[in-house]
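Structure at a glance
What follows is the residue order along each chain.
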Amino acid sequence: MIIEIVLAVLAAVLVWVIIDWTRSRARIRSEQEARKLKHDLTGNISHELKTPVSSIRGYLETLVNNPDLPEDKRRFFIERSYLQSLRLTEMISDISLITKMEEAPDQFSLESVNIRDSFEEVMEELSGKIRAHNIKVENLLPPVHISANYNLLYAIFRNLLENSIKYAGDGSSVRISVRLGADEDVFDYSDDGKGVPEEELSRIFTRFYRLNEDRGGTSGGSGLGLSIVRNAVLFHKGSITAYLPQGGGLGFRFSIRR
């Protein structure tokens, strides 16, 4: 009887040790993966920030070392420095937003947001770029309210529209609609521009991943816009996929849980 009790206790201890060891290994793997992700992200950020900073430094050094440059060349270098500083500011802002979504999501509260008005505000803010690239935008969103974080929903709309403005090509058309449901609302956003190769669809949400040259990859964006879109959708307990619309272009279908 005593032997059976001892064996039962030993078996229980062995099971506990195995479970604890398994949990410890899983925790270690999780911590290692987290450290690797942070290391990779830090490396990517360092690499991406280095480009505009180096450009600005090069332009300014040219101006400092050549005080007798003709006025037109001086203006050229100053304008280039300004454009690179805008890119740098955009990149820092995007990195800050992604970090905040991942590490402090509780700072984003939900409220009642009129989806049509929200997209109209994005269109108004980007109206100059829309006109400059002759982009036609069709807002088919109804004037209904959903429970969402206003700033993150705005970021979704803005980054999708900016993506079309930068990459779809002049004269393209954009369309956004929604299918309202009891549990979730499914948005459909698409443009009829240049599109991307099908094999790139699974990678376009990756941080700092830039679309191929056929889509205008030299536009100088931060490479974080679609990553922000994905993270903002995930914050709302939804999902997002990219697809190739019939007839060309690039589309995004994403949901927001009610």
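Analysis parameters
- Residues numbered from 1 in each chain as written.
- Predicted model: local features only at pLDDT ≥ 70, side-chain atom pairs only at ≥ 80, totals over all residues.
- Heavy atoms only, no water.
- Axes fitted to C-alpha atoms, helices over the stretch in contact; angles between N-to-C directions.
- Helix = DSSP H or I, 4+ residues; strand = E, 2+ residues; numbered from the N terminus.
- Parallel < 35°, antiparallel > 145°, perpendicular 65-115°, else oblique.
- Left-handed = near helix turned anticlockwise from the far one by under 90°.
- Contact = heavy atoms within 4.5 Å.
- Expected span 1.5 Å × (residues − 1).
- Buried < 20%, exposed > 50% of the residue type's maximum accessible area, 1.4 Å probe, protein only.
- Pairing = 2+ DSSP bridges.
- Arc of directions from axis to C-beta.
- Polar contact = N/O pair within 3.5 Å; in protein donor to acceptor, adjacent residues only side chain to side chain.

1. Points about the packing of helix α5 (residues 150-167) against helix α6 (residues 225-235)
Each pair of packed helices can be summarised by the angle the axes make with each other and by the distance between the axes. At a minimum axis distance of 9 Å, the contact between α5 and α6 shows a crossing angle of 150°. Classed by the angle they form, the pair α5 and α6 counts as roughly antiparallel. Crossing of α5 over α6 shows left-handed handedness. Each of Leu-152, Ala-155, Ile-156, Asn-159, Leu-160 and Asn-163 in α5 lies in contact with α6, whose residues at this interface are Gly-225, Leu-226, Ile-228, Val-229, Ala-232, Val-233 and Phe-235.

2. Concerning the side chain of Ser-81
Relative to the assigned elements, Ser-81 resides in helix α2 (residues 71-103). Beyond its immediate sequence surroundings of up to four residues, Ser-81 is in contact with Ile-56, Tyr-59 and Leu-60.

3. Here we look at α2
An α-helical segment advances 3.6 residues per turn. Residues three or four places apart therefore align on the same side. Taking 1.5 Å as the rise per residue, α2 with 33 residues should run 48 Å; its terminal C-alpha atoms sit 48 Å apart, in good agreement. Every buried residue of α2 is accounted for by Phe-77, Ser-81, Gln-84, Arg-87, Leu-88, Met-91, Asp-94, Ile-95, Ile-98 and Met-101.

4. Brief notes about the sheet that holds strand β4 (residues 173-179)
Spatially, β2-β4-β5-β7-β6 is the arrangement adopted by the 5 strands of the open sheet, whose pairing is mixed. If you trace the sheet from one side to the other, it starts and ends with β2 (136-139) and β6 (240-243), each paired once. Within this sheet the neighbouring strands show an average axis-to-axis angle of 15°, counted without direction. Relative to strand β7 (residues 250-257), strand β5 (residues 184-191) runs antiparallel, the two being bridged by 8 bridges. Each residue of the ladder has a partner; that of Ser-190, found in β7, is Gly-251. Relative to the sheet, α5 contacts β2, β4, β5 and β7, its axis offset from that of β7 by approximately 175°.

5. Observations concerning the environment of Ile-240
Inspection of the secondary structure puts Ile-240 in strand β6. On the basis of relative accessibility, which here comes to 13%, the residue Ile-240 falls in the buried class. With 52 residues separating them in the primary sequence, Ile-240 and Asp-188 have C-alpha atoms 9.9 Å apart.

6. Some points on the pairing of β7
In terms of burial, β7 is a largely internal element, 6 of the 8 residues being buried. Bridge count for β6 against β7 is 4 bridges, and the pairing is antiparallel. In the strand pairing of β7, Ala-242 is matched with Phe-252. Two successive antiparallel strands, β6 and β7, enclose a turn made up of 6 residues, where Gly-247 displays a positive phi of approximately 100°.

7. Comments concerning helix α3 (residues 115-125)
For α3, the set of buried residues is Ile-115, Ser-118, Phe-119, Val-122 and Met-123. Down the axis, α3 shows its buried residues gathered within 140° of arc, on one side only. The N-terminus of α3 is capped by Asn-114, whose side-chain oxygen sits 3.1 Å from the backbone nitrogen of Arg-116.

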